[in-house]
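Listed below are the residues making up each chain.
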Amino acid sequence: MNMPHMTCVSDLRARARRRLPRFVFDYLDGGAGSEAGVRRNEQAFDEVLLKPRALVNCEARDLSTPLLGRTWAAPFGIAPIGLGNLIWPGAEPAIARAAAQANLPYTLSTAATTSLERIAEIAPQHCWFQLYVARRDEDVDDIVARAERTGYQVLMVTVDVPLAARRLRDIRNHFTVPFRITPGVVVELLRHPAWSLGTLRAGVPRFVNVEKYARVSDRRSIAAYLTSEIRGGFDWEALERLRARWPRRLVVKGLMTAEDSVRARDLGCDGVVVSNHGGRQLDSAPATIDVLPSIRAAVGPAFPLIVDCGVRSGEHIVKALAAGADFVLIGRAMMYAVAAHGPTAAGPLLALMIDEASRCLGQIGYPDVVSLKSHAPFVRRTYGSNYGL
Ligand SMILES: Cc1cc2nc3c(=O)[nH]c(=O)nc-3n(C[C@H](O)[C@H](O)[C@H](O)COP(=O)(O)O)c2cc1C
């Protein structure tokens, strides 16, 4: 098999942009409102600096990281992405397989286009399930029971979608699933034959995990069902009930404050994903790396904190750990890789991130994740200052 040649995530993004129909690339790349939040996430990571220690033997480096009952090969995993197979046919099973082979966790979205049962077969020890809580309790109970039955060890409940966001690129493109065949869409399909033929062969992706709850057969109504299910009514009491219902590890995704994270911890959650949904919900959300240190200080050293949003390199992963995270999720970075080079790119992308993180650890003089976290050699640039160095 020809291994795709990869230099960095921004090259992959550029190639993904060329290979995808515009409405698909915009769905992946875009965010809410002006997209300042998307840019802020990434820029904030770039602006964090790491203080190197010299004369530490770093010839052998160990990235292995314990989290939520397992030891993973490296301190990161795959974030849940809805409509993964729309971004490239076969993306979801290929990424799950690559994650399992690399001993990293793969999070399947409720809005994924591969069944949770199939992903559990592909990556039985490495799959986490991300839950969007539906309106009807019996639907929530059923999907949670399916995740439990098929062996998912971690349930990640996303709480930062109280309302549908206004994503202007999607609005301009009239983005819907299944997509409407307008003249503009036909032009895009013809200009991107690899994607179009692959999608034709695989079939237009469907929300297979929630179809049964929509109680309608037409696909457009199923998409409308998913939107209508977005539930601002999901609150702390409902989270408490979910905690009581799910017997394994429960992680809350989408908290951005110390108060909420402490409350989630005290309610019995096993971890928090500090996340602003990749800038796709609230344009004015702070960058996650900026709020992380205060959240870590509030929840204490032992409570599992995962962070995502704007992570584009292994060096960003190291910065997240230095700022207080135990673990990182990569979202768009993986999807750019798969869109750029097809599903076989999933493994090489993981290898690239591991290599970058490992080199960064070596450059700053920390041979493993434990020593890095105990020193936290991170400096946050305060605007206009001399970095406090
Ligand atoms: C195309 C796309 C679809 C997403 N779908 C979901 C989803 O279904 N559930 C969820 O919890 N988060 C979803 N997210 C958010 C990601 O899980 C993650 O928080 C975000 O992508 C991290 O930011 P990054 O892409 O800058 O790494 C999605 C993000 C993107 C880009």
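The text that follows walks through the structure, step by step, so that each part is easy to find. Here the residue numbers are simple positions, counted from 1 along each chain's written sequence. Selection of residues for local features in this predicted model requires a pLDDT of at least 70, selection of side-chain atom pairs for listing and counting requires 80 or more, and totals for whole chains, interfaces and linings are taken over all residues. Hydrogen atoms and water are omitted, and side-chain values are computed over all heavy atoms in the structure.

Mapped onto the elements, threonine 110 comes out in the loop between β5 (106-108) and α6 (116-122). We call two N or O atoms a polar contact when they sit within 3.5 Å, provided that within protein one can donate a hydrogen and the other can accept it, with sequence-adjacent residues counted only if both atoms are side-chain atoms. Within polar-contact distance, the side chain of threonine 110 engages the backbone oxygen of glutamine 130 at 2.6 Å. With sequence-adjacent residues up to four places away left out, threonine 110 is seen in contact with Phe129, Gln130, Leu131, Tyr132, Ile143, Asn209 and Val210. Runs of E in the DSSP output that reach at least two residues are strands. Runs of H or I that reach at least four are helices, and both are numbered from the N terminus. The criterion used for residue contact is that any of the two residues' heavy atoms lie within 4.5 Å.

This part takes up the site of the ligand. What surrounds the ligand is a group of 21 residues, the closest being Pro80, Ser109, Thr158, Asp308 and Arg332. Here the ligand has 600 Å² of accessible area as a free molecule, and 98% of this is covered by the chains. The residue classification treats Ala, Val, Leu, Ile, Met, Phe, Trp, Tyr, Cys and Pro as nonpolar and Asp, Glu, Lys and Arg as charged. All others, Gly included, are polar. Among the residues forming the shell around the ligand, the class breakdown is 7 nonpolar, 9 polar and 5 charged. A single heavy atom is enough: if one lies within 4 Å of a molecule or strand, its residue is considered near that molecule or strand. Values of accessible area rely on a 1.4 Å probe in the Shrake-Rupley scheme; residue burial ignores everything except the protein chains shown.

Moving on, we get to a nonpolar patch on the surface. Taken together, Ile181, Val186 and Leu190 make up a surface patch of nonpolar side chains, about 310 Å² in accessible area. Looking at the element boundaries, valine 186 is found in helix α9 (residues 183-191). Note on classification: 1.4 Å probe, protein chains only; a residue is buried when its accessible area is under 20% of the maximum for its type, exposed when over 50%, partly exposed between these limits. For valine 186, a relative accessible area of 34% translates into the label partly exposed. Excluding any residue in a salt bridge, patches collect residues exceeding 30% relative accessible area, merging like charges within 9 Å and nonpolar Val, Leu, Ile, Met, Phe, Trp and Tyr side chains within 5 Å. By convention in these notes, a salt bridge is any Lys or Arg side-chain nitrogen within 4 Å of a carboxyl oxygen on Asp or Glu.

The next thing to look at is the nonpolar core. In this structure, Trp128, Tyr152, Ile330, Met334 and Leu349 are the most contacted members of the largest nonpolar core, which totals 129 residues. No other element matches the 9 residues that helix α18 (residues 346-364) contributes to this core. Buried residues of nine kinds, namely Ala, Val, Leu, Ile, Met, Phe, Trp, Tyr and Cys, make up a nonpolar core once their side-chain atoms join them within 4.5 Å.

Moving on: unusual backbone geometry. Look at the link from valine 177 to proline 178: it is a cis peptide, with omega at -10°. Residue position: proline 178 is located in the loop between α8 (168-172) and α9. A positive phi angle, near 55°, is found at histidine 174, a position not held by glycine. Checked against the element boundaries, histidine 174 lands in the loop between α8 and α9.

Our focus in this paragraph is the pairing of strand β11 (residues 327-330). Note on strand geometry: in a regular strand, side chains alternate between the two faces of the sheet. A two-sided burial pattern is seen for β11, the buried positions comprising Phe327 and Leu329 on one face and Val328 and Ile330 on the other. Two strands qualify as a pair provided that DSSP identifies no fewer than 2 bridges between them. Direction of pairing for strand β4 (residues 76-78) relative to β11: parallel, over a ladder of 3 bridges. Its bridge partner lying in β11, glycine 77 is registered against leucine 329. Pairing between strand β10 (residues 305-307) and β11: 2 bridges, direction parallel.

This paragraph deals with helix α10 (residues 193-202). Here α10 has its buried residues at Trp195, Ser196, Gly198 and Thr199. For α10, the angular spread of buried residues about the axis comes to 170°, placing them on one side. Facing away from the buried side of α10, by more than 90 degrees, are the exposed residues Leu200 and Arg201. Packing partners of the buried residues in α10 comprise α1 (9-19), α2 (22-29), α4 (84-87) and α9. Once α10 finishes, glycine 203 follows within two positions and takes phi at roughly 90°, a positive value. Picture the helix axis, draw a direction to every C-beta atom, and the arc is the one those directions span.

Don't take any of this as a statement about function, it's just geometry.
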